[in-house]
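# Fold and contact review
Read off the chains here:
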Amino acid sequence: MPKLSDTMTEGTINEWLKKEGDRVEAGEALATVETDKATMELESYSSGTLRKVVVKAGESAPVGTLIAVIGEPNEDIAPILAEARAPAAAEPAPKPAAPAAEPGPVATAPGPRPAPTGPGLVVPPTERHAMPQAAGTPPPAVTAEPHGPNGARVPADGRVKASPLARRLAAARGIDLAMVRGSGPGGRVIKRDIEAWQPRPAAAAAPAAAPAAPAERKVEPLVVPRAAVPVTGPTPGEDRPLTSMRRVVAQRMVESKTTVPHFYLTVEVDMDRAVEMRNALVAAAPDIKVTYTDMILKACGLALVRHPKVNASFLGDRIRVWQRADIGLAVALDDGLITPIITGCDVKSLGQIAVEARALAERARARQLKPEEYQGGSFSVSNLGMYDVEEFSAIINPPQGAILAVGAVTRRPVVKEDGSLAAGYRMKMTLSCDHRAIDGAVGAAFLRDVKRLLEQPAALAL
């Protein structure tokens, strides 16, 4: 298992693109691997025959662990397999322990990971209800989830789970992934599902179609279902294994909050002109659709080059000041978050930033980012305004020196300069700073300039 990102400690085999006995050429895609950040194709380092698959699809393995053997057709691979099994066999069986005492990621290099039913299986939250079945066992009937016209399972969030290769094949053939029934781990659509897919013929006598929904529908009140659990005795619970991403997020956030001295600065921004400018930009270029986040990225990029002490990283015995504003944009995923990097926010136009930010966010949600697209960065922005959050404090992403937390743009009564009362748009921003590299006055001056740029947004379009 190769190390495909700087924070990767283990990987999950999503799909083997070759089977045992196939010829493999150096540089050819061998498998798709899900890391803590993305899903990537694993290329073969050498040519030969795929003699043995050690880690099956759906199983995980630490970095450095043997996952497959490529060799000559008549080569004796028994010593290689025996050597890989030896460390695991030499270790005594672990004693049962309470979940709270479970250590972090395994740092040793054991043999193959346990079968998919073991506690080490990495399963995203939306897939934990659909564990892969043993070979030859028909999948159980599922009636609680909606299905597509071709028997494909449709997740509650509407996103179809599919490997990157399957997505490319489906796009090339014009196949809607929601129509395909996945046979991979957790119902994931994989290559063979696309190749074998055939549209289901229409039924000879279809039942009468349901009447179309009215243009306006009554909004039902929010009802929180009450779980059918006993009301006496210990509260029941369910232990869910950490995904690779969730484990890394947990480690890095603990590291940041326990080793980085945070301090926080909050300002309120008059967004009246920014709202007018965004509306005008969207009307002029609806295909680009500039967002408030894009305007904030641009404002931060300009302010960072004016205040290089904020565009800095504390590196123990020195402070590195970055010469370009490469800003990470926090993107929420099913089981964590990732910060793809928009490079050169100080020199790119608003339109360029909008197009790049949208493309990176889409690839991040599809777990298709390349390592160079999420590694590095000198600063980060986290916007929770779309969730109606007015104000929050974000945790710094080391080794960056600061992160800006952005709240919702809200319309409320405000007092104008002449003392009159009127409706206005306002937004709160909180800057989290690493006090080892950034002092309060430095952070305040930076935040003041970001505020001024958003209140006088014409400078953002220059």
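Here's what I pulled together on the structure shown here. (Residues numbered from 1 in each chain as written. Predicted model: local features only at pLDDT ≥ 70, side-chain atom pairs only at ≥ 80, totals over all residues. Heavy atoms only, no water.)

## Description of helix 6 (residues 292-306)
To keep it simple, the criterion reads: Every helix listed is a DSSP run of H or I at least four residues long, and every strand listed is a run of E at least two residues long, numbered separately from the N terminus. Each helix should span, by expectation, one fewer than its residue count multiplied by 1.5 Å. Throughout, exposure labels follow a simple rule: accessible area from a 1.4 Å probe, protein chains only, divided by the maximum for the residue type, with under 20% read as buried, over 50% as exposed, and the rest as partly exposed.
If you check helix 6, its first and last C-alpha atoms are 21 Å apart, about what 15 residues at 1.5 Å a residue would give, namely 21 Å. For helix 6, a buried count of twelve out of 15 residues is recorded, marking the element as mostly surrounded by other parts of the structure. Among the residues making up helix 6, those that are buried are Thr293, Asp294, Met295, Ile296, Leu297, Lys298, Ala299, Cys300, Gly301, Leu302, Ala303 and Leu304.

## Brief notes about the side chain of Asp272
For clarity, the cut-off: Whenever two N or O atoms come within 3.5 Å, that pair is a polar contact, provided that in protein one can donate a hydrogen and the other can accept it, and provided that, for residues adjacent in sequence, both atoms are side-chain atoms. The contact rule is simple, with two residues in contact once any of their heavy atoms fall within 4.5 Å.
Mapped onto the secondary structure, Asp272 falls in helix 5 (residues 272-284). Within the local environment of Asp272, its side chain forms a polar contact with the side chain of Lys416, the two groups lying 3.3 Å apart. With sequence-adjacent residues up to four places away left out, Asp272 is seen in contact with Lys416, Gly424, Tyr425 and Arg426.

## Details of the nonpolar core
Spelled out, the test is: Think of a nonpolar core as a cluster: buried Ala, Val, Leu, Ile, Met, Phe, Trp, Tyr and Cys residues, connected wherever their side-chain atoms sit within 4.5 Å.
In terms of nonpolar packing, the biggest core is built from 75 residues, with Phe379, Leu404 and Leu454 touching the most fellow members. Broken down by element, this core gets its largest block of residues, eight residues, from helix 6. Apart from residues no more than four positions distant in its own chain, Leu404 is found in contact with Ile296, Cys300, Phe379, Ser380, Val381, Ser382, Met429, Thr430, Leu431 and Leu447. Counting residues in each nonpolar core, the second largest holds 13 residues, with Leu165, Ile175, Leu177 and Val180 among its members.

## A look at the sheet that holds strand 1 (residues 10-16)
The cut-off we apply is this: When DSSP locates at least two bridges between a pair of strands, those strands are taken to pair. Angles shown run from 0 to 180 degrees and are taken between the N-to-C directions of axes, each axis being a line fitted to C-alpha atoms and, for helices, limited to the stretch in contact.
Spatially, the four strands line up as an open sheet ordered 4-3-1-6, and their pairing is antiparallel. Bordering the open sheet on either side are strand 4 (39-43) and strand 6 (60-62), each of which pairs with just one other strand. Averaged over all pairs of adjacent strands, the angle between strand axes in this sheet comes to 40°, irrespective of strand direction. Here strand 1 runs beside strand 3 (residues 29-34); their pairing, made up of four bridges, is antiparallel. Bridge pairing in strand 3 links Glu15 to Thr32.

## Some points on the packing of helix 6 against helix 7 (residues 350-365)
Rules: Small angles under 35 degrees read as roughly parallel and large ones over 145 as roughly antiparallel, with 65 to 115 read as roughly perpendicular and the rest as oblique. Should the near helix be turned anticlockwise from the far one by less than a right angle, the crossing is left-handed, and should it be turned clockwise, the crossing is right-handed. In the scheme used here, Gly and all other residues not listed as nonpolar or charged are polar, with Ala, Val, Leu, Ile, Met, Phe, Trp, Tyr, Cys and Pro taken as nonpolar and Asp, Glu, Lys and Arg as charged.
Between helix 6 and helix 7, the shortest axis-to-axis distance is 9 Å and the interhelical angle comes to 120°. In terms of their interaxial angle, helix 6 and helix 7 are classed as oblique. For the pair helix 6 and helix 7, the sense of crossing is right-handed. From helix 6, Asp294, Met295, Leu297 and Lys298 reach across to helix 7, where they touch Leu350, Ile353, Ala354 and Ala357. When grouped by side-chain class, the residues that make up the contact of helix 6 with helix 7 number six nonpolar, no polar and two charged.

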